[in-house]
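# Descriptive structure summary
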Amino acid sequence: MDIFIFLISMTALVYGADFIIEQSEKIALHYNISAFVIGATLVALGTSLPEMAVSISASLKGSGDIAVANVIGSTIFNIAMVLGVVFIIAKNIKPSRDLFAKDSAWALFPILVFILMGIDGELTAIDGVLFLLLMVAYLTFLIGSNQVEEIDDELKKEKFAWGKTSALLLVGFVFTIAGADFAIDSAGNIARSFGVSEWIIGLFLVAFGTSLPELTISIKAALNNNADLAIGNIIGSNVANFTMVLGLASIVNTLNVDLSTYFFDIAAALILSLMLVFITANRLYNKSAGIVLLVVLALVIQNGLGV
């Protein structure tokens, strides 16, 4: 029964995020914002809502391991699985933006800040506020780097209605928050029934489910030759996960962070972030890079499950 509830909850999370993403994108495009900034702000924040809802709910319920593991696992899945799949299936990825010069630091800096803050073994409300300030700095940077583009021809044909958009956004939020609450309860029950730690459940099961919006949106963007939005979505989502998600979760309740016990998983997230910087520096947006990322994911899963 718990597995069924978990699957329904994750479905609600994905559909709720989808409503939010679609309407956020319409708002952004309506006001003529670049594809990368759309991907790294509104779409990234939308796809990070499941992680945020799950981690905050977990923090409120005293399941700090799930809250932190969800962020670490989502970072791993976003880079290794999502970008890996995108690089393999996309025919031609040529971002118009210089991702290395402008954005690579943001792919790496948040996880370094997380490690430094976690040295004392916990994330407090003060750490949470600092995380949120980092998110504000990132959004300010993105808005300042926006390059105005022509509004999409199809969007010009649509009649933009704030009423409809607001209603769909509200439905999306309800689905996301309710889905997160049930997902935490069912995931905890599954962990206890199988004798699996909450960290493993958060790192793999919950993190995979909450990464599905990023996977869906990025694949769709890549197939439509919109590499800026696809990669921007991943970088922006990872920044949001470490700043906004962990920030709010640690403000709600102090989170324990055991860097030594979970060294391999945290190191894997850091190494993948470094790999993303290397890929953007050398413009390795190809199938070979995708295969390497998926191999790293397989190794992380193998280690985590003790296979």
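See the structure shown above.
Keep in mind the model is a prediction, meaning the values are calculated, not measured. (Residues numbered from 1 in each chain as written. Predicted model: local features only at pLDDT ≥ 70, side-chain atom pairs only at ≥ 80, totals over all residues. Heavy atoms only, no water.)

### A word on the overall build of the protein chain
Rules: Runs of E in the DSSP output that reach at least two residues are strands. Runs of H or I that reach at least four are helices, and both are numbered from the N terminus. Radius of gyration here is computed from C-alpha atoms only, and the compact-globule reference equals 2.2 Å multiplied by the residue count raised to the power 0.38. For every residue, the accessible area (1.4 Å probe, protein chains only) is compared with the maximum for its type, and the residue is labelled buried under 20%, exposed over 50%, or partly exposed between those bounds. What makes two residues a contact is simply this: any of their non-hydrogen atoms within 4.5 Å. Reported accessibility uses the Shrake-Rupley method at a 1.4 Å probe radius. Residues are deemed covered only where the shown protein chains occlude them. Counting rule for charge: Lys and Arg are taken as positive, Asp and Glu as negative, and neither His nor the chain ends is counted. Just so you know, the charge point we use is NZ for Lys, CZ for Arg, CG for Asp and CD for Glu.
Looking only at helices and strands, one finds twelve helices and two strands in the protein chain. Reading the protein chain from its N terminus to its C terminus gives the helix and strand order α-α-α-α-α-β-α-α-α-α-α-β-α-α. Its C-alpha atoms give the protein chain a radius of gyration of 18 Å, near enough to 19 Å, the size a compact globule of 307 residues would have. In terms of overall dimensions, the protein chain has a C-alpha envelope of 55 × 45 × 35 Å along the principal axes. Within the protein chain, buried positions represent 53% of all 307 residues. Contacts spanning at least 24 positions in sequence make up 86% of the contacts within the protein chain whose residues lie at least 6 apart. With an accessible surface of roughly 13300 Å², the protein chain has 67% of that area assigned to carbon and sulfur atoms. The protein chain carries 14 positive and 24 negative side-chain charges, and their two centres are separated by 13 Å.

### Some details on the packing of aromatic side chains
Note the following rule: In summary, the pairing rule links any two rings of Phe, Tyr or Trp, Trp by its six-membered ring, whose centres are within 6.5 Å, and it sorts them by plane angle into stacked for under 30 degrees, edge-to-face for over 60 and tilted for everything else.
Summed over the entire model, instances satisfying the criterion amount to five aromatic pairs. Their ring planes at 55 degrees and their centres at 5.0 Å tell us that Trp 106 and Tyr 138 sit as a pair that is tilted. Taken together, the positions of Trp 106 in helix H5 (residues 99–117) and Tyr 138 in helix H6 (residues 125–144) put the pair 32 residues apart, joining distant regions of the chain. A single burial state applies to Trp 106 and to Tyr 138, both of which are buried. An aromatic cluster is built from Trp 106, Tyr 138 and Phe 141, whose rings are joined through pairwise contacts.

### Considering the environment of Gly 163
With respect to the secondary-structure elements, Gly 163 resides in helix H8 (residues 162–194). Each C-alpha atom, one on Gly 163 and one on Ile 271, is 44 Å from the other, the two residues being 108 residues apart in sequence.

### Thoughts on the nonpolar core
What counts is decided by this rule: For the purposes of this section, nonpolar cores are sets of buried Ala, Val, Leu, Ile, Met, Phe, Trp, Tyr and Cys residues that join through side-chain atoms within 4.5 Å.
In this structure, Ile 72, Ile 76, Phe 87, Phe 114 and Leu 246 are the most contacted members of the largest nonpolar core, which totals 88 residues. Looking at this core, the element that brings in the most residues is helix H4 (residues 64–89), giving 15 residues. With residues near it in sequence (within four places) discarded, Phe 87 still touches Ile 93, Ile 279, Leu 284, Tyr 285, Asn 286, Lys 287, Ala 289, Gly 290 and Leu 293. Ile 21, Val 43, Ala 221 and Leu 229 belong to the second-largest nonpolar core, a separate cluster that totals nine residues.

### Quick look at the side chain of Ser 218
As a reminder, the rule being used: Polar contacts here mean pairs of N or O atoms no more than 3.5 Å apart (in protein, one a potential hydrogen donor and the other a potential acceptor; neighbouring residues in sequence count only if both atoms are side-chain atoms).
The residue Ser 218 is located in helix H9 (residues 198–223) in this model. You can call Ser 218 buried: its relative accessible area is 0%. Reaching out from Ser 218, the side chain makes a polar contact with the backbone oxygen of Ala 230 at a distance of 3.3 Å. Of note is the side chain of Ser 218, whose polar atom sits 3.2 Å from the side chain of Asn 233.

### Quick word on the packing of H8 against H9
What counts here: Think of each axis as a best-fit line through the C-alpha atoms, taken over the contacting stretch in the case of a helix, with angles from 0 to 180 degrees between the N-to-C directions. Small angles under 35 degrees read as roughly parallel and large ones over 145 as roughly antiparallel, with 65 to 115 read as roughly perpendicular and the rest as oblique. When the near helix sits turned anticlockwise from the far one by under a right angle, the crossing is termed left-handed; a clockwise turn instead gives a right-handed crossing. Classification used: nonpolar for Ala, Val, Leu, Ile, Met, Phe, Trp, Tyr, Cys and Pro, charged for Asp, Glu, Lys and Arg, polar for all others including Gly.
Taken N-terminus to C-terminus, the directions of H8 and H9 make an angle of 125 degrees; their axes are 9 Å apart at the nearest point. When the axes of H8 and H9 are compared, the pair comes out oblique. H8 and H9 meet at a crossing whose hand is right-handed. Each of Ala 187, Ile 190, Ala 191 and Arg 192 in H8 lies in contact with H9, whose residues at this interface are Glu 198, Ile 201, Leu 205 and Val 206. Split into classes, the residues belonging to the contact of H8 with H9 amount to six nonpolar, no polar and two charged.

### Some remarks on the packing of helix H3 (residues 49–60) against H9
Where H3 contacts H9, the axes come no closer than 8 Å and their chain directions differ by 150 degrees. Classified by the interaxial angle, the pair formed by H3 and H9 is roughly antiparallel. Residue-level inspection shows Pro 50, Glu 51 and Val 54 of H3 in contact with H9, the latter providing Val 206, Thr 210, Ser 211, Pro 213 and Glu 214. Of the residues that constitute the contact of H3 with H9, the class distribution is four nonpolar, two polar and two charged.

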